[in-house]
2 protein chains.
Amino acid sequence: MKRQTKISNAVIKRLPRYRRYLRELQKKGIDKISSNEFSNLTGYTASQIRQDLNNFGGFGQQGYGYSVDGLYNEISVILGLDKEYKMVIVGAGNLGQAIANHTYYYKTGFIVCGIFEINPKLIGMKINDIEVMDYDSIVEFVEDNDIDIGIICTTKDAAQEVADKLCFAGVGGLWNFAPVDIETPHHVAVENMHISDSLHSLAYHMNKSQNQEEKK
Amino acid sequence: MKRQTKISNAVIKRLPRYRRYLRELQKKGIDKISSNEFSNLTGYTASQIRQDLNNFGGFGQQGYGYSVDGLYNEISVILGLDKEYKMVIVGAGNLGQAIANHTYYYKTGFIVCGIFEINPKLIGMKINDIEVMDYDSIVEFVEDNDIDIGIICTTKDAAQEVADKLCFAGVGGLWNFAPVDIETPHHVAVENMHISDSLHSLAYHMNKSQNQEEKK
DNA sequence: TAGATTGTTAATCGATTAACAATC
DNA sequence: TAGATTGTTAATCGATTAACAATC
């Protein structure tokens, strides 16, 4: 096993995907897979798969392949999915509600503990047992309940201020759905879900061939 | 102006972001920006910004910089955001509703024309003037209304079948929110929003420093 | 042992950065 | 004209792929 000091983000982004395919294999009762078979399944090259996995350790066995269960568990641990995360959502609009419902139905290690709002009409509402609370009480709540992750489902104008408050209150990560880039202190991780950026690149790809024709 | 036959996806993914920052500059009434200033703002290197833009043409002026309005418009055209896109949503759950509402409030060139469901309880419902219709009628609807984009907000098990149907009916692009990788014919673009993958990489980054300590 | 397949090094490819000539 | 800043080529860096020795 080789020790890698710095693992590139490109590798990390592939791990959840590997894990998804491994889960499907588990469901089908397949207990062993070679990098070549896994390549056919996922579309990544066998070489890349082996290279990626070897950043974290030798999970395979020469002449045999990888144990599906074993690899699934290893990747889960690498990603930190063997732990529980307590989360709060800021913004009880449709998106905030959708996320609250999602995590409620698909029980995972990610638990929504509260939803915060400034709109008084929404405060007091319940979304699947989760109370919508006053945004003013968020710092106290995060501190008292050892919240790990803050989910930002606000407008873009409010997002940075909310982020600052959450960081101050002590979260370790932010999951940002607002269409802005959030600044955080070094020790707070941020993951952006820029939904409309994604739609814009879809638009590009739909017009791509046309653009090329025009140029000819 | 240099002609680039193949533009890398890394470049395309940066364009919506450039555009967002340009929009903010417009709002502030700033009408000119140099690649250096833009670098400070966005965090990309000045070199990369100039390199990216020159894939599409020389939009700047030596000794002056880039016109904010001009560049905003150029990028909009490159992405195809000067056009209108008719869309349908498949799946009227929370996520489908959230997207329907979002596009309704933030009027853009992306128009939701219908939402489709298999659950009879939801069929007939209205979400901001948009009717929830029977999934069985989707092919006819897409054909009759020249729908451009299909938005998949179903479970992962239904996603591929829905994708096939939408492709058959003639959409040009799919925006997939289901946690699977969708296969489409060559000419149909796909953009994935793998929400839980994103949460999983957030979990990794929150544990990263800890992993490194353990290794020492 | 022979066959298969990993782990790992080396080669290639592509993307980012640096440098500078062109030019406004 | 002098100064500034782009457009573009060349250098560097990093990520992917290929090759093969190690080993189960």
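Please read all numbers here as calculations on a predicted model, not as lab measurements.

**Remarks on the overall build of chain A**
Part 1: The helix and strand tally for chain A stands at eight helices and 10 strands.
Part 2: Out of the 216 residues belonging to chain A, those deemed buried represent 48%.
Part 3: Looking at charge distribution, chain A has the averaged site of its 23 positive side-chain charges lying 11 Å from that of its 27 negative ones.

**Notes on the sheet that holds strand β5 (residues 110-117) of chain A**
Residue and element names in this part refer to chain A.
Part 1: Pairing within the open sheet is mixed, and its seven strands lie in the order β6-β7-β5-β4-β8-β9-β10. Every other strand in the sheet has two partners, leaving β6 (126-127) and β10 (189-192) as the edge strands with one partner each.
Part 2: Direction of pairing for β6 relative to strand β7 (residues 130-134): antiparallel, over a ladder of two bridges. When the bridges of β7 are listed, K126 appears paired with E131.

**Notes on the UniProt feature "DNA-binding region" (unreviewed entry) in chain A**
Part 1: UniProt marks residues 17-56 of chain A with the feature "DNA-binding region" (unreviewed entry), using the numbering shown here.
Part 2: Strand forms 5% of residues 17-56 of chain A and helix 68%; the C-alpha atoms that close the span are 16 Å apart.

**Some thoughts on the protein's contact with DNA strand C**
Part 1: DNA strand C sits among 25 residues. The nearest are S35 and R50 of chain A together with S47, Q51 and Q61 of chain B.
Part 2: Here a phosphate oxygen of DNA strand C sits 2.6 Å away from a polar atom, N or O, in the side chain of S35 of chain A.
Part 3: Q51 of chain A is positioned with one of its side-chain polar atoms (N or O) 3.0 Å from a base oxygen of DNA strand C.
Part 4: Put simply, the parts of the chain that give the surface near DNA strand C at least two residues each are α3 (46-53), β2 (60-61) and β3 (65-67) of chain A together with α1 (9-27) and α3 (46-53) of chain B.

**Here we look at the protein's contact with DNA strand D**
Part 1: Inspection of the region around DNA strand D gives 25 residues, with S47, Q51 and Q61 of chain A together with S35 and R50 of chain B positioned closest.
Part 2: The sugar-phosphate portion of DNA strand D accounts for 55% of its atoms within 4 Å of the protein, the bases making up the rest.
Part 3: Taking R50 of chain A, its side chain carries an N or O atom lying 3.1 Å from a base nitrogen of DNA strand D.
Part 4: Put simply, the parts of the chain that give the surface near DNA strand D at least two residues each are α1 (9-27) and α3 of chain A together with α3, β2 (60-61) and β3 (65-67) of chain B.
Part 5: Of the residues in the surface near DNA strand D, the class split is four nonpolar, 18 polar and three charged.

**Remarks on the nonpolar core**
Part 1: Counting residues in hydrophobic clusters, the biggest one holds 96 residues, and the most contacted among them are I149 and W175 of chain A together with I149 and W175 of chain B.
Part 2: The residues contacting W175 of chain B, other than those within four sequence positions of it, are I195, S198, L199 and L202 of chain A together with I99, I149, G150, I151, I152, E191 and M193 of chain B.
Part 3: Membership of the second largest hydrophobic core comes to 23 residues, among which are A163, A169, V180 and V188 of chain A.

**Focus on the interface of chain B and chain A**
Part 1: Listed by partner, the interface residues are 63 residues for chain B and 63 residues for chain A.
Part 2: At the junction of chain B with chain A, the criterion picks out six salt bridges.
Part 3: The residue R20 of chain B makes a salt bridge to D181 of chain A at a minimum N-O spacing of 3.3 Å.
Part 4: Counting across the interface, chain B meets chain A through 26 residue pairs in polar contact (both at pLDDT 80 or more).
Part 5: If one sorts the elements of the side of chain B that touches chain A by residue count, helix α8 (residues 195-215) of chain B sits on top with 16 residues.
Part 6: Partitioning the side of chain B that touches chain A into residue classes produces 29 nonpolar, 20 polar and 14 charged.

**Focus: the relation of the copies chain B and chain A**
Part 1: With an axial shift of 0.0 Å and an RMSD of 0.0 Å, the rotation relating chain B to chain A amounts to 180°. Such a turn and shift between the copies fits a two-fold axis.
Part 2: Mapped onto chain A, 100% of the interface residues of chain B are again interface residues, and the two copies thus contact each other with one and the same surface.

**Comments concerning the domain arrangement of chain A**
Part 1: In terms of domain boundaries, chain A breaks down into domain 1 (9-79) and domain 2 (85-197).
Part 2: Between domain 1 of chain A and domain 2 of chain A, the C-alpha centre-to-centre distance is 32 Å.

**Examining a negative patch on the surface**
Residues and elements named next belong to chain A.
Part 1: On the surface, E140, E143, D144 and D146 cluster together into a patch of negative charge.
Part 2: Position of D144 relative to the elements: it lies in helix α6 (residues 138-144).
Part 3: Classification of D144 by relative accessible area gives exposed; the value is 55%.

**Some details on the environment of L81 of chain B**
Part 1: With respect to the element layout, L81 of chain B can be found in the loop between α4 (68-79) and β4 (85-90).
Part 2: By relative accessible area, which is 17% here, L81 of chain B ends up buried.
Part 3: Each C-alpha atom of the pair L81 of chain B and F110 of chain B lies 8.9 Å from the other, and the pair is 29 residues apart in sequence.
Part 4: What L81 of chain B contacts, discounting residues up to four positions off in sequence, is H200 and A203 of chain A together with R19, S76 and F110 of chain B.

**Some points on unusual backbone geometry**
Part 1: The phi angle at D146 of chain A is positive, at roughly 50°, despite the residue not being glycine.
Part 2: Secondary-structure assignment places D146 of chain A in the loop between α6 and β8 (149-152).
Part 3: Notably, D129 of chain B is not glycine yet its phi reads approximately 70°, a positive angle.
Part 4: With respect to the helices and strands, the residue D129 of chain B is situated in the loop between β6 (126-127) and β7 (130-134).

Rules used throughout
- Residues numbered from 1 in each chain as written.
- Chains lettered and ligands numbered in written order.
- Predicted model: local features only at pLDDT ≥ 70, side-chain atom pairs only at ≥ 80, totals over all residues.
- Heavy atoms only, no water.
- Helix = DSSP H or I, 4+ residues; strand = E, 2+ residues; numbered from the N terminus.
- Buried < 20%, exposed > 50% of the residue type's maximum accessible area, 1.4 Å probe, protein only.
- Lys, Arg positive; Asp, Glu negative; His and termini not counted.
- Charge placed at Lys NZ, Arg CZ, Asp CG, Glu CD.
- Pairing = 2+ DSSP bridges.
- UniProt positions renumbered as here; feature names shortened; annotations may be inferred.
- Near = heavy atom within 4 Å.
- Polar contact = N/O pair within 3.5 Å; in protein donor to acceptor, adjacent residues only side chain to side chain.
- Nonpolar A, V, L, I, M, F, W, Y, C, P; charged D, E, K, R; others polar.
- Core = buried A, V, L, I, M, F, W, Y, C linked by side-chain atoms within 4.5 Å.
- Contact = heavy atoms within 4.5 Å.
- Salt bridge = Lys/Arg side-chain N within 4 Å of Asp/Glu carboxyl O.
- Least-squares fit on C-alpha atoms with pLDDT ≥ 70 in both.
- Domains from an automatic or database assignment.
- Patch = residues over 30% accessible without salt bridge, like charges linked within 9 Å, V, L, I, M, F, W, Y side chains within 5 Å.
- Areas by Shrake-Rupley, 256 points an atom, 1.4 Å probe, with all protein chains shown as cover.

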